[in-house]
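What follows is each chain in one-letter form.
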Amino acid sequence: MRQDRAAYYALAVLFAINTMNFFDRQVIGAVAKPVQEEWQLSDTQLGILGTAFTLLYAMVGLPLGRLSDRASRTKILAAGVFIWSVMTALSGVAQRYWQMFAVRLGVGVGEASCAPAATSLIGDLVPAGRRAMAMSIFMMGLPVGTALSYSVTGWIVQKFDWRTAFYVAAVPGLLCAVAALFIREPQRGATEEHAIGTLRRKGSALALVLATPTMVWIIISGALHNFNMYALGSFLMLFLQRVHGLSPANAGLTVSLVYGLVGIPGLLVGGWLGDRMLKRRANGRMLVGAVAIALSIPLVFLALRQPMGAMAGFCLFMGLGCALMYTYYSTVYATIIDVIEPSLRGMAMALYFFAMYVLGASLGPLATGALSDYFTRRAATAAGVTDLTVDALKPFAGEGLHMAMYAVPVLNICLAVVLLAASRTVTGDVRRLKAWMQSAANDAAQNKELVGA
């Protein structure tokens, strides 16, 4: 019972940390319009701000992931949350574009600690049969944090200014840093349902992770999925303001619903269904993820096809599409724990996140912004505009961004195919891992008997 209470407390704190992780991360998207207007930025420059922290996030994540396999994960989390909260507050002080770019890099350094340490903790706190649901609770921080970020930030921007939004965002994170220090550090491999050995397989951590076929497919899937999620996170609010004419507050509330809160049922249903399917077949979780992404494709496409002002249709289709996209996290993250041994999970998550952020999150806002600028200039040129200044392009910015957003359903087609391919390798990877762990446990027992003799 005491162990259960410790696990519940840890999961609650990890949920709160992940909530602030995504709250702070999405603030830049929620304040996009006033920042763009104050500093006269193009959509490409705005996209780079969304990209700024992700590159350093990915680079720093690899050593932090390896550190999570060797050192106290609770202390790593506490330090990371403290750093990114301080940097979030400093974002409100920035007076120039390059200053904002620099502090967003600092946010990335702190946030790089979250996923490797937290998922490694969950793997050692929760048995395999309940991990998808546990990961769903942890990953609910994504939709809750995103929803709160857009709704709260949109209201603050309208009542005060965009700088105040960063100051408000920093405070809860500092409290989470303190709470992380009271999480009990579990023994690695403590909740495995089969015997485990104390030794790690021979070879470099990087090579061992990449030698698992399912992990290779999951890494590719992460890049595709994060491209889409960060493209939506960086530009969906701006899309609603330009294409549907919403105010900052109304756009923030709409994004908090169709991109944020819908993730809660998506994650919970995905986690529940993933755990149930695992009882029937080893690749059940990946099949659930693949089907969900496939179903999201026509829904997101129909949302983007809605005419100006048709908010009911947009909210229905985009909300359902995003809810299905969130099932990715509860099914894929749990599968990583299933196919990777306990002593390598931090490294596996760090490598996975490296691909997610270098190839996905960093390119998503940047490529979407560049596509938006391209289609905006094309629309202006087609209308006979020759002086392509920022002011002259403004009437065509909505059309340009609208066209750029179609990249999301197109890439979801590729993602569904990759997840289906991953589902075909899971069973073999799980079988091989269990066999090795049982063998390692037997060897350890024999060595113990020899020493005792």
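Residues numbered from 1 in each chain as written. Predicted model: local features only at pLDDT ≥ 70, side-chain atom pairs only at ≥ 80, totals over all residues. Heavy atoms only, no water.

A. Structural detail: the overall build of the protein. The number of helices and strands found in the protein is 21 helices and zero strands. Across the protein, the fraction of contacts at a sequence separation of at least 24, relative to all contacts at a separation of at least 6, is 85%. Entry remark: accessible area of the protein is about 17800 Å², with carbon and sulfur atoms responsible for 68%. (Helix = DSSP H or I, 4+ residues; strand = E, 2+ residues; numbered from the N terminus. Contact = heavy atoms within 4.5 Å. Areas by Shrake-Rupley, 256 points an atom, 1.4 Å probe, with all protein chains shown as cover.)

B. Local environment of the pattern of salt bridges. What the rule picks out here adds up to three salt bridges. Among the ionic pairs, Arg285 bridges to Asp275, the shortest N-O distance being 2.7 Å. Here Asp275 lies in helix 13 (residues 263-280) and Arg285 lies in helix 14 (residues 284-304), a separation of 10 residues in the sequence. On the basis of relative accessibility, which here comes to 1%, the residue Arg285 falls in the buried class. Residues Arg432 and Asp429 are paired through a salt bridge, measuring 2.5 Å at the closest nitrogen-oxygen approach. (Salt bridge = Lys/Arg side-chain N within 4 Å of Asp/Glu carboxyl O. Buried < 20%, exposed > 50% of the residue type's maximum accessible area, 1.4 Å probe, protein only.)

C. Region of the structure containing the environment of Lys434. On the secondary structure map, Lys434 appears in helix 21 (residues 426-452). A sequence separation of 95 residues divides Lys434 from Val339, and the C-alpha atoms of the two residues are 8.9 Å apart.

D. The packing of aromatic side chains, seen in detail. This model, assessed by the stated rule, comprises 12 aromatic pairs. For the pair Trp155 and Phe160, a centre-to-centre distance of 6.1 Å together with 75 degrees between the ring planes defines the contact as edge-to-face. With a relative accessible area of 53%, Phe160 lands in the exposed category. Consider the rings of Tyr326 and Tyr329, whose centres lie 6.0 Å apart with planes at 50 degrees: the pair is tilted. Taken together, the residues span about one helical turn, with Tyr326 and Tyr329 both in helix 15 (residues 311-339) at a distance of three residues. (Phe/Tyr/Trp six-rings, centres within 6.5 Å; stacked < 30°, edge-to-face > 60°.)

E. Quick peek at the side chain of Ser423. Its place among the elements puts Ser423 in helix 20 (residues 407-423). Once residues lying within four places of it in the same chain are set aside, the contact partners of Ser423 are Asn283, Met286 and Leu287.

F. Here's a closer look at the confidence of the model for the protein. Looking at the protein, the pLDDT average stands at 81 and 89% of residues meet or exceed 70. Taking the mean pLDDT of every element in the protein, the minimum, 67, falls on helix 21 and the maximum, 95, on helix 20. Here residues 194-199 is modelled with pLDDT under 50, and outside its nearest four sequence neighbours on either side it reaches 13 contacts, counting other chains as well. (pLDDT = per-residue confidence, 0-100.)

G. Seen up close, helix 12 (residues 248-261). Relative to the 20 Å expected for 14 residues at 1.5 Å per residue, helix 12 spans 18 Å between its end C-alpha atoms, a close match to the ideal helical length. Every buried residue of helix 12 is accounted for by Ala249, Ala251, Gly252, Thr254, Val255, Ser256, Val258, Tyr259 and Gly260. (Expected span 1.5 Å × (residues − 1).)

H. Structural view of the environment of Met356. With respect to the helices, strands and loops of the structure, Met356 is situated in helix 16 (residues 345-361). Separated by 302 residues in sequence, Met356 and Thr54 have C-alpha atoms that sit 9.1 Å apart.

I. Focus on the packing of helix 8 (residues 141-159) against helix 9 (residues 162-180). Axis separation between helix 8 and helix 9 bottoms out at 7 Å; the angle between their running directions is 140 degrees. When the interaxial angle is binned, helix 8 and helix 9 end up oblique. Crossing of helix 8 over helix 9 shows right-handed handedness. Contacts from Thr153, Ile156 and Val157 in helix 8 reach Trp162, Thr164, Ala165 and Val168 in helix 9. Of the residues in the contact of helix 8 with helix 9, the class split is five nonpolar, two polar and no charged. (Axes fitted to C-alpha atoms, helices over the stretch in contact; angles between N-to-C directions. Parallel < 35°, antiparallel > 145°, perpendicular 65-115°, else oblique. Left-handed = near helix turned anticlockwise from the far one by under 90°. Nonpolar A, V, L, I, M, F, W, Y, C, P; charged D, E, K, R; others polar.)

J. Seen up close, a nonpolar patch on the surface. Taken together, the side chains of Phe82, Ile83, Val86, Leu90, Val93, Tyr167 and Leu174 make up a nonpolar region of the molecular surface, amounting to roughly 560 Å² of accessible area. Counting residues per element, the ones that place at least two in the nonpolar patch are helix 4 (73-91) and helix 9. Ranked by residue count, the leading element in the nonpolar patch is helix 4, at four residues. Tracing the chain through its elements places Ile83 in helix 4. (Patch = residues over 30% accessible without salt bridge, like charges linked within 9 Å, V, L, I, M, F, W, Y side chains within 5 Å.)

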